[in-house]
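Read off the chains here:
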Amino acid sequence: MTEQSVETVMLRAVNLALDEIGEYWCSAVSWEPKGVDDRVTFLDKQIEKKLQSFLQEYSNYGFMGEEYGVKSRGERLWVLDPIDGTVNFTVRLPMVAVSLALMEGDKAVLGAVGEAVSKRIYWSDGKHLFLDNAVVSNSRKVSTLEEAFVGLGTPRKDDPFAAGYGKFLSAVQKKAMRLRMLGSAALGLTYVASGALDAFLLPRFELWDVAAGRLLVEVSGGSYWQEGPNSVLIAARNEALLEDLKQIWYGVNS
């Protein structure tokens with residue numbers, strides 16, 4: 001399979017998931033509690049099963065999804081979040097996405113994030129950032145936190161970083177231009193890549209939340225930092241903003 005055909009398979013898979021979400025967007029979808037402060041619907045599970053079958057039909061790579069974990073292994077691994085922002089989806093808040101990445105070891109080589117409502121897909125071949133078929137060139141330049149629009153996730157009640165993260169947000173709020181709460185890690189990272197946000201803060205995550213989005217940030221010229229494998233993540237349009245935010249984090253969590 002050529003690299004171009006792998007990209008095509010990835011985009012087809014994301015489109016399949018977006019079509020599924022669109023079919024149920026105006027319908028009442030029941031949900032079940034999932035862990036602390038989280039929800040899961042039948043559609044999360046349905047999309048994951050369908051995309052696993054599709055991806056394994058058209059590629060020889062392993063597969064891991066949020067709902068069922070690792071189903072097959074290989075040198076390369078598809079990593080899927082079938083609905084990133086499930087809680088938003090259950091109340092029809094439009095910050096909902098599909099996130100799919102192809103990992104090689106601990107690095108994403110391809111990635112795509114599809115917006116559920118607009119059905120726009122931001123994706124990368126590992127070199128460039130695309131919006132559908134067009135290369136995205138972001139000319140927005142923000143050099144100080146005082147000018148920055150900062151997206152954020154919020155911690156769950158059982159999050160060990162919750163107290164420190166709360167202090168961090170309070171300190172960032174005093175300096176940033178605006179804070180924006182999203183409810184979707186994939187979209188937060190994507191909007192840093194595209195220029196809609198200048199930075200994004202995330203208190204806790206799993207690989208499927210960020211695998212595609214981190215790649216989009218990197219290929220767009222941005223960068224990110226993680227406190228640990230699944231703990232605090234800060235992404236920013238440039239190193240100056242990232243360093244400012246890291247210094248604030250260490251300042252309130254030293």
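Here's a quick rundown of the structure. Residue indices follow the written sequence of each chain, beginning from 1 at its first position. A pLDDT threshold of at least 70 governs which residues receive local features in this predicted model, and a stricter bar of 80 or more applies before side-chain atom pairs are shown or counted, although totals over entire chains, interfaces and linings include all residues. As a rule here, side-chain values come from all non-hydrogen atoms in the structure, and water together with hydrogens is ignored.

**Topic: the packing of helix H4 (residues 162–173) against helix H7 (residues 239–252)**
Here is step 1: Orientation is described by axes fitted as lines to C-alpha atoms, over the contacting stretch for helices, and by angles from 0 to 180 degrees between their N-to-C directions. Each helix is a run of H or I in the DSSP string that is no shorter than four residues. Each strand is a run of E no shorter than two, and both are numbered from the N terminus. Two elements in contact, H4 and H7, have axes whose closest approach is 9 Å; the angle formed by their N-to-C orientations is 130°. As far as their axial angle goes, H7 and H4 are oblique. The two elements H4 and H7 meet at a crossing, and its hand is right-handed. Listed contacts from H7 to Gly164, Tyr165, Lys167, Phe168, Ala171 and Val172 of H4 are Leu245, Ile248, Trp249 and Val252.
Here is step 2: Three residue categories are used. Nonpolar comprises Ala, Val, Leu, Ile, Met, Phe, Trp, Tyr, Cys and Pro, charged comprises Asp, Glu, Lys and Arg, and polar comprises the others, including Gly. Considered class by class, the residues forming the contact of H4 with H7 number eight nonpolar, one polar and one charged. When an angle is under 35 degrees it counts as roughly parallel; over 145 it counts as roughly antiparallel; between 65 and 115 it counts as roughly perpendicular; any other value is oblique. Throughout, a crossing is termed right-handed when the near helix is turned clockwise from the far one, and left-handed when it is turned anticlockwise from it by less than a right angle. A contact between two residues is defined here by any heavy atoms of the two lying within 4.5 Å.

**Comments concerning the pairing of strand S6 (residues 97–104)**
Here is step 1: Burial analysis of S6 places seven of its eight residues in the buried class, the great majority of the element.
Here is step 2: The pairing criterion for strands is at least two bridges between them, as found by DSSP. Pairing geometry for strand S5 (residues 76–84) and S6, over seven bridges, is antiparallel. Across the sheet, Leu77 pairs through a bridge with Met103, a residue of S6.
Here is step 3: Of the strand pairs in this sheet, S6 and strand S7 (residues 107–115) are connected by eight bridges, and their pairing is antiparallel. Across the sheet, residue Leu100 finds its bridge partner in S7, namely Ala112.
Here is step 4: Once S6 ends, the chain turns through two residues before running back antiparallel as S7, passing Gly105 with a positive phi of about 70°. Only protein chains enter the accessibility calculation, which uses a 1.4 Å probe; a residue is then buried when its area is under 20% of its type maximum, exposed when over 50%, and partly exposed in between.

**Some details on helix H6 (residues 207–219)**
Here is step 1: Expected span of a helix, by definition, is 1.5 Å for each gap between consecutive residues, and there is one gap fewer than residues. Between its terminal C-alpha atoms H6 stretches 18 Å, which fits the 18 Å expected from 13 residues at 1.5 Å a residue.
Here is step 2: In terms of burial, H6 is largely enclosed, as 11 of its 13 residues are buried.
Here is step 3: Buried within H6 are the following residues: Trp208, Asp209, Val210, Ala211, Ala212, Gly213, Arg214, Leu215, Leu216, Val217 and Val219.
Here is step 4: Trailing H6 by a residue or two, Gly221 shows a phi angle of about 100°, which is positive.

**Observations concerning the pattern of salt bridges**
Two side chains of opposite charge can pair, provided their charged atoms sit close to one another.
Here is step 1: The working definition used for a salt bridge is a side-chain nitrogen of Lys or Arg within 4 Å of a carboxyl oxygen of Asp or Glu. In the structure shown here, the tally under the stated rule is seven salt bridges.
Here is step 2: Across the pair Lys34 and Glu67 runs a salt bridge, and its minimum N-O distance is 3.1 Å. One end of the pair, Lys34, is in the loop between strand S1 (31–33) and strand S2 (39–41); the other, Glu67, is in the loop between strand S3 (62–65) and strand S4 (69–72), and 33 residues separate them in sequence.
Here is step 3: Judged by its relative accessible area of 19%, Glu67 falls in the buried class.
Here is step 4: The shortest N-O distance in the salt bridge between Glu115 and Arg120 comes to 2.7 Å.
Here is step 5: Given the relative accessible area of 6%, Glu115 is considered buried.

**Considering the sheet that holds strand S12 (residues 178–181)**
Here is step 1: Pairing in this open sheet of five strands is mixed, and the strands run S12-S11-S13-S15-S14 from one edge to the other. Of all strands in the sheet, those bounded by a partner on one side alone are S12 and strand S14 (223–226). Taken over all neighbouring pairs, the strand axes of this sheet differ in orientation by 20° on average, direction set aside.
Here is step 2: Here strand S13 (residues 199–202) runs beside strand S15 (residues 233–236); their pairing, made up of four bridges, is antiparallel. Within S15, the position partnered with Phe200 by the bridge is Ala235.
Here is step 3: Along the sheet face, H7 touches S13, S14 and S15 and points at about 20° away from the line of S14.

**Brief notes about the side chain of Ser194**
Here is step 1: Relative to the assigned elements, Ser194 resides in helix H5 (residues 185–194).
Here is step 2: Under the relative-accessibility criterion, Ser194 is labelled buried at 17%.
Here is step 3: With residues up to four places along the chain from it excluded, the contact list for Ser194 reads Tyr122, Leu129 and Asn138.

**A look at the nonpolar core**
Here is step 1: Residue types Ala, Val, Leu, Ile, Met, Phe, Trp, Tyr and Cys, when buried and joined through side-chain atoms within 4.5 Å, form a set referred to as a nonpolar core. Formed by 33 residues in total, the largest nonpolar core has its most connected members in Met10, Ile21, Leu55, Trp78, Phe89 and Leu100.
Here is step 2: Looking at this core, the element that brings in the most residues is helix H1 (residues 3–24), giving nine residues.
Here is step 3: Those residues in contact with Ile21 that lie beyond four places of it in its chain are Leu43, Ile47, Pro82, Ile83, Phe89, Val98 and Ala116.
Here is step 4: In terms of nonpolar packing, the next biggest core, distinct from the first, is built from 32 residues, Met103, Leu129, Ala193 and Trp208 among them.

**Observations concerning H7**
Here is step 1: Relative to the 20 Å expected for 14 residues at 1.5 Å per residue, H7 spans 20 Å between its end C-alpha atoms, a close match to the ideal helical length.
Here is step 2: All buried positions along H7 are accounted for by Leu241, Leu242, Leu245, Lys246, Ile248 and Trp249. Looking straight down H7, one finds that the buried residues subtend no more than 160° of arc, so they occupy a single side.
Here is step 3: Measuring from the side-chain oxygen of the N-cap residue of H7 to the backbone nitrogen of Ala240 gives 3.2 Å; that N-cap residue is Asn238. Here, the arc refers to the directions that run from the helix axis to the C-beta atoms. In protein, a polar contact requires one atom able to donate a hydrogen and another able to accept it; more generally it is a pair of N or O atoms within 3.5 Å, and residues adjacent in sequence count only if both atoms are side-chain atoms.

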